[in-house]
Amino acid sequence: MPKRISTRLTLYFLALTLVPLAFFAWWSFEDSQEHLRGLLSDELFATAASKAHQIEQHFLERKRDISMLASTMTVAEALRVFTDVVKLKGVDSPEYAAGDAKIRPYLTAVRDSSEVEDVLLVSADGDVVWSVNGGKILGTSLRTGPFSRSPLAGVWDRASTLLDTEISDFEIDVGAGEPVAFIGSPVFHDGAMIGVVAL
(Lines give C-alpha, C1' and ligand atoms only; values in the text may rest on other atoms or scores of the structure.)
Protein backbone atom coordinates (compact mmCIF):
# COMPACT_ATOMS: atom_id res chain seq x y z
CA MET A 1 0.00 0.00 0.00
CA PRO A 2 2.77 2.50 0.78
CA LYS A 3 4.03 1.98 -2.75
CA ARG A 4 0.72 2.96 -4.14
CA ILE A 5 0.53 6.17 -2.16
CA SER A 6 4.10 7.05 -3.01
CA THR A 7 3.38 6.43 -6.67
CA ARG A 8 0.27 8.57 -6.50
CA LEU A 9 2.11 11.35 -4.68
CA THR A 10 4.89 11.24 -7.23
CA LEU A 11 2.36 11.52 -10.05
CA TYR A 12 0.57 14.41 -8.32
CA PHE A 13 3.81 16.28 -7.75
CA LEU A 14 4.85 15.64 -11.33
CA ALA A 15 1.50 16.96 -12.55
CA LEU A 16 1.78 19.97 -10.27
CA THR A 17 5.22 20.84 -11.69
CA LEU A 18 4.65 19.87 -15.32
CA VAL A 19 1.33 21.73 -15.82
CA PRO A 20 2.75 25.15 -14.82
CA LEU A 21 5.91 24.37 -16.79
CA ALA A 22 3.85 23.53 -19.89
CA PHE A 23 1.77 26.68 -19.41
CA PHE A 24 4.94 28.78 -19.06
CA ALA A 25 6.44 27.18 -22.21
CA TRP A 26 3.22 27.87 -24.16
CA TRP A 27 3.06 31.47 -22.88
CA SER A 28 6.76 32.05 -23.77
CA PHE A 29 6.20 30.65 -27.26
CA GLU A 30 3.16 32.89 -27.88
CA ASP A 31 4.96 35.95 -26.50
CA SER A 32 8.04 35.34 -28.66
CA GLN A 33 5.83 34.81 -31.72
CA GLU A 34 4.05 38.10 -31.08
CA HIS A 35 7.38 39.84 -30.62
CA LEU A 36 8.70 38.38 -33.89
CA ARG A 37 5.52 39.44 -35.72
CA GLY A 38 6.04 42.97 -34.43
CA LEU A 39 9.68 43.01 -35.54
CA LEU A 40 8.78 41.62 -38.96
CA SER A 41 5.96 44.12 -39.37
CA ASP A 42 8.25 47.03 -38.43
CA GLU A 43 10.88 45.78 -40.88
CA LEU A 44 8.32 45.44 -43.68
CA PHE A 45 6.96 48.95 -43.05
CA ALA A 46 10.50 50.37 -43.10
CA THR A 47 11.29 48.54 -46.36
CA ALA A 48 8.01 49.67 -47.94
CA ALA A 49 8.65 53.28 -46.92
CA SER A 50 12.18 53.11 -48.34
CA LYS A 51 10.96 51.64 -51.65
CA ALA A 52 8.16 54.21 -51.88
CA HIS A 53 10.71 56.97 -51.36
CA GLN A 54 12.96 55.51 -54.08
CA ILE A 55 10.04 55.32 -56.52
CA GLU A 56 9.02 58.88 -55.69
CA GLN A 57 12.59 60.09 -56.24
CA HIS A 58 12.76 58.22 -59.56
CA PHE A 59 9.60 59.91 -60.83
CA LEU A 60 10.71 63.32 -59.57
CA GLU A 61 13.97 62.88 -61.51
CA ARG A 62 12.05 61.84 -64.65
CA LYS A 63 9.73 64.82 -64.16
CA ARG A 64 12.72 67.18 -64.03
CA ASP A 65 14.29 65.43 -67.03
CA ILE A 66 11.21 65.77 -69.20
CA SER A 67 10.51 69.35 -68.12
CA MET A 68 14.06 70.25 -69.12
CA LEU A 69 13.74 68.31 -72.38
CA ALA A 70 10.44 70.04 -73.22
CA SER A 71 12.02 73.45 -72.73
CA THR A 72 14.84 72.88 -75.27
CA MET A 73 14.65 74.62 -78.62
CA THR A 74 15.73 71.37 -80.30
CA VAL A 75 12.59 69.54 -79.16
CA ALA A 76 10.31 72.51 -79.86
CA GLU A 77 11.68 72.85 -83.39
CA ALA A 78 11.49 69.10 -84.03
CA LEU A 79 7.90 68.94 -82.81
CA ARG A 80 6.92 71.92 -84.96
CA VAL A 81 8.62 70.47 -88.08
CA PHE A 82 7.30 66.90 -87.61
CA THR A 83 3.75 68.17 -86.98
CA ASP A 84 3.80 70.08 -90.28
CA VAL A 85 5.48 67.27 -92.24
CA VAL A 86 3.11 64.58 -90.97
CA LYS A 87 0.07 66.74 -91.84
CA LEU A 88 1.31 67.65 -95.32
CA LYS A 89 3.51 64.76 -96.48
CA GLY A 90 3.15 61.83 -94.03
CA VAL A 91 5.62 59.70 -92.10
CA ASP A 92 6.95 57.97 -95.22
CA SER A 93 8.04 61.18 -96.98
CA PRO A 94 11.67 62.19 -97.69
CA GLU A 95 11.13 65.34 -95.61
CA TYR A 96 10.16 63.21 -92.64
CA ALA A 97 13.25 61.01 -93.12
CA ALA A 98 15.50 64.10 -93.27
CA GLY A 99 14.04 65.47 -90.01
CA ASP A 100 14.32 62.05 -88.40
CA ALA A 101 18.02 61.83 -89.31
CA LYS A 102 18.64 65.15 -87.54
CA ILE A 103 16.76 64.50 -84.30
CA ARG A 104 17.20 60.73 -83.84
CA PRO A 105 20.75 60.76 -82.38
CA TYR A 106 19.83 63.40 -79.79
CA LEU A 107 16.56 61.86 -78.62
CA THR A 108 18.00 58.33 -78.70
CA ALA A 109 20.73 59.54 -76.34
CA VAL A 110 18.04 61.11 -74.13
CA ARG A 111 16.12 57.81 -74.07
CA ASP A 112 19.23 55.82 -73.18
CA SER A 113 20.49 58.21 -70.49
CA SER A 114 17.03 58.51 -68.91
CA GLU A 115 16.64 54.72 -68.89
CA VAL A 116 13.17 54.84 -70.46
CA GLU A 117 11.63 52.73 -73.22
CA ASP A 118 10.78 55.50 -75.69
CA VAL A 119 10.70 59.24 -76.35
CA LEU A 120 7.63 60.42 -78.24
CA LEU A 121 6.59 63.73 -79.75
CA VAL A 122 2.83 64.32 -79.86
CA SER A 123 1.26 67.27 -81.66
CA ALA A 124 -1.25 69.62 -80.04
CA ASP A 125 -3.95 67.75 -82.01
CA GLY A 126 -2.92 64.44 -80.41
CA ASP A 127 -1.08 62.91 -83.36
CA VAL A 128 2.06 60.91 -82.50
CA VAL A 129 4.44 62.58 -84.96
CA TRP A 130 7.73 61.01 -83.84
CA SER A 131 9.03 58.16 -81.69
CA VAL A 132 12.49 56.76 -81.04
CA ASN A 133 11.07 53.23 -81.31
CA GLY A 134 8.65 53.97 -84.14
CA GLY A 135 6.20 51.10 -84.37
CA LYS A 136 2.42 51.00 -84.67
CA ILE A 137 1.88 54.13 -82.61
CA LEU A 138 3.72 56.43 -85.03
CA GLY A 139 1.27 58.55 -87.02
CA THR A 140 -1.78 57.54 -84.97
CA SER A 141 -4.15 59.90 -83.19
CA LEU A 142 -4.36 59.75 -79.41
CA ARG A 143 -7.82 61.32 -79.67
CA THR A 144 -9.50 58.82 -81.98
CA GLY A 145 -6.98 56.11 -82.86
CA PRO A 146 -6.35 52.66 -81.37
CA PHE A 147 -4.34 54.17 -78.50
CA SER A 148 -7.03 56.70 -77.46
CA ARG A 149 -7.61 54.87 -74.16
CA SER A 150 -3.94 54.29 -73.40
CA PRO A 151 -1.99 55.80 -70.50
CA LEU A 152 -0.08 57.84 -73.11
CA ALA A 153 -3.33 59.39 -74.36
CA GLY A 154 -4.26 60.31 -70.78
CA VAL A 155 -0.87 61.93 -70.17
CA TRP A 156 -1.06 63.85 -73.46
CA ASP A 157 -4.57 65.07 -72.65
CA ARG A 158 -3.73 66.24 -69.11
CA ALA A 159 -0.35 67.78 -70.06
CA SER A 160 -1.83 69.70 -72.99
CA THR A 161 -4.90 70.81 -71.01
CA LEU A 162 -3.22 71.70 -67.71
CA LEU A 163 0.00 72.91 -69.38
CA ASP A 164 2.07 71.07 -66.80
CA THR A 165 4.10 67.88 -66.56
CA GLU A 166 1.87 64.88 -65.93
CA ILE A 167 2.51 61.24 -64.92
CA SER A 168 0.15 58.35 -65.69
CA ASP A 169 -0.68 55.45 -63.43
CA PHE A 170 0.79 52.08 -64.29
CA GLU A 171 -1.50 50.19 -66.67
CA ILE A 172 -1.14 47.10 -68.82
CA ASP A 173 0.08 48.14 -72.27
CA VAL A 174 -2.06 46.61 -75.01
CA GLY A 175 0.89 46.07 -77.35
CA ALA A 176 3.50 44.85 -74.86
CA GLY A 177 1.18 43.12 -72.38
CA GLU A 178 3.12 44.48 -69.42
CA PRO A 179 2.64 47.41 -67.02
CA VAL A 180 3.74 50.80 -68.33
CA ALA A 181 3.56 54.39 -67.14
CA PHE A 182 4.12 57.56 -69.14
CA ILE A 183 5.25 61.04 -68.24
CA GLY A 184 4.58 63.97 -70.53
CA SER A 185 5.36 67.67 -70.57
CA PRO A 186 3.96 70.41 -72.80
CA VAL A 187 6.25 71.95 -75.40
CA PHE A 188 5.95 75.67 -76.17
CA HIS A 189 7.03 77.68 -79.23
CA ASP A 190 6.64 81.46 -79.27
CA GLY A 191 4.44 81.27 -76.17
CA ALA A 192 1.97 78.76 -77.64
CA MET A 193 1.65 75.09 -76.69
CA ILE A 194 2.54 73.08 -79.79
CA GLY A 195 2.45 69.57 -78.36
CA VAL A 196 3.78 67.21 -75.72
CA VAL A 197 7.01 65.30 -75.32
CA ALA A 198 6.49 61.97 -73.53
CA LEU A 199 8.73 59.31 -72.03
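Computed from a predicted structure; not experimentally measured. In this convention, every chain numbers its residues from 1, walking through the sequence in written order. Confidence filtering applies because this is a predicted model: local features only for residues at pLDDT of at least 70, side-chain atom pairs given and counted only at 80 or more, and all residues used for totals across whole chains, interfaces and linings. Side-chain figures throughout are based on the complete set of non-hydrogen atoms in the structure, without hydrogens or water.

## Description of the pairing of strand β1 (residues 120–123)
Applicable threshold: We call a residue buried when its accessible area falls under 20% of the maximum for its residue type, exposed when it is over 50%, and partly exposed in between, using a 1.4 Å probe and counting protein chains only. The helix and strand labels rest on DSSP assignments: H or I over at least four residues marks a helix, E over at least two residues marks a strand, and numbering proceeds from the N terminus. Strands pair, by our definition, only if DSSP identifies at least two bridges between them.
The two faces of β1 match: Leu-120 and Val-122 on one face and Leu-121 and Ser-123 on the other face are all buried. Both β1 and strand β2 (residues 128–131) contribute to a ladder of 3 bridges, which runs antiparallel. Counterpart to Leu-120 in the pairing with β2 is Ser-131. Between β1 and β2, which pair antiparallel and follow one another directly, the connecting turn spans 4 residues, one of which, Gly-126, has a positive phi of 95°. Bridging between β1 and strand β7 (residues 192–198) involves 4 bridges; their strand directions are antiparallel.

## So, the sheet that holds β7
Heads up, the rule is: In what follows, residue pairs with any heavy atoms lying within 4.5 Å of each other are defined as contacts. Simply put, an axis is a line fit to the C-alpha atoms, just over the touching stretch for a helix, and the angle between two N-to-C directions goes from 0 to 180 degrees.
Taken together, 5 strands build an open sheet; the order of strands is β2-β1-β7-β6-β3 and the sheet is antiparallel. Since the sheet does not close on itself, it has two edges, and those belong to β2 and β3 (166–167), each with one partner. Bridging between strand β6 (residues 183–189) and β7 involves 6 bridges; their strand directions are antiparallel. In the strand pairing of β7, Gly-184 is matched with Ala-198. Sheet strands in contact with helix α2 (residues 73–88) are β1, β2, β6 and β7, and its direction is about 85° off that of β6.

## Brief notes about the pattern of salt bridges
Worth spelling out the cut-off: Any Lys or Arg side-chain nitrogen located within 4 Å of an Asp or Glu carboxyl oxygen qualifies as a salt bridge.
Using the criterion set out here, one finds 10 salt bridges in the structure. Residues Arg-80 and Asp-84 are paired through a salt bridge, measuring 3.9 Å at the closest nitrogen-oxygen approach. Residue Arg-80 and its partner Asp-84 are located together in helix α2, separated by 4 residues, close to a single helical turn. For Asp-112, the salt bridge is made with Arg-111, and the minimal N-O distance between the two is 3.0 Å. Classification of Arg-111 by relative accessible area gives buried; the value is 17%. Because the salt bridges share partners, they merge into one network encompassing Glu-61, Arg-62 and Asp-65.

## Remarks on the nonpolar core
So the rule is basically this: Buried residues of nine kinds, namely Ala, Val, Leu, Ile, Met, Phe, Trp, Tyr and Cys, make up a nonpolar core once their side-chain atoms join them within 4.5 Å.
Leu-107, Leu-121 and Val-197 are the most contacted members of the largest nonpolar core, which has 25 residues in total. Mapped onto this core, the elements with two or more residues apiece are α1 (2–70), α2, α3 (94–114), β2, β6 and β7. Excluding anything up to four places from it in sequence, Leu-121 contacts Val-75, Ala-78, Leu-79, Phe-82, Leu-107, Asp-127, Val-128, Val-129, Trp-130, Val-196 and Val-197. The next biggest cluster of nonpolar side chains, apart from the first, holds 15 residues, and it includes Val-128, Leu-142, Ala-159 and Ala-198.

## As for the packing of aromatic side chains
What counts is decided by this rule: By convention, a stacked pair of Phe, Tyr or Trp rings (six-membered ring in the case of Trp) has centres within 6.5 Å and planes under 30 degrees apart, an edge-to-face pair has planes over 60 apart, and any other such pair is tilted.
Per the counting criterion, the structure on display carries 5 aromatic pairs. Look at Phe-24 and Trp-27: their rings are 6.1 Å apart centre to centre, the planes differ by 35°, and that puts the pair in the tilted class. On the criterion of helical spacing, the pair formed by Phe-24 and Trp-27 is a turn pair, its members being 3 residues apart in helix α1. On the accessibility criterion, Phe-24 (49% relative accessible area) is partly exposed. Between the aromatic rings of Phe-59 and Phe-170, the centroid separation amounts to 6.1 Å while the plane-to-plane angle is 75°, which identifies the pairing as edge-to-face.

## Here we look at helix α4 (residues 151–162)
Under the convention used in this document: Each residue after the first adds 1.5 Å to the expected span of a helix.
With 12 residues, α4 should reach 16 Å at 1.5 Å per residue; the first-to-last C-alpha distance of 16 Å fits that figure. Among all positions in α4, only Pro-151, Leu-152, Ala-153, Val-155, Trp-156, Ala-159 and Ser-160 are buried. Looking at the packing, one finds that the buried side of α4 touches β1, β3, β4 (171–172), β5 (179–180), β6 and β7. Immediately beyond the C-terminal end of α4, within one or two residues, lies Leu-163, with a positive phi of roughly 55°.

## Things to note about unusual backbone geometry
Excluding glycine, a negative phi dihedral is what most residues carry, and trans is how most peptide bonds are arranged. Even without glycine at this site, Glu-115 takes up a positive phi of about 55°. When you line up the elements, Glu-115 lands in the loop between α3 and β1. If you check the backbone angles, Asp-190 has positive phi at about 55° while not being a glycine. Relative to the helices and strands, Asp-190 resides in the loop between β6 and β7. Asp-190 gets classed as exposed once you look at its relative accessible area, which sits at 74%.

These figures capture arrangement, not role.
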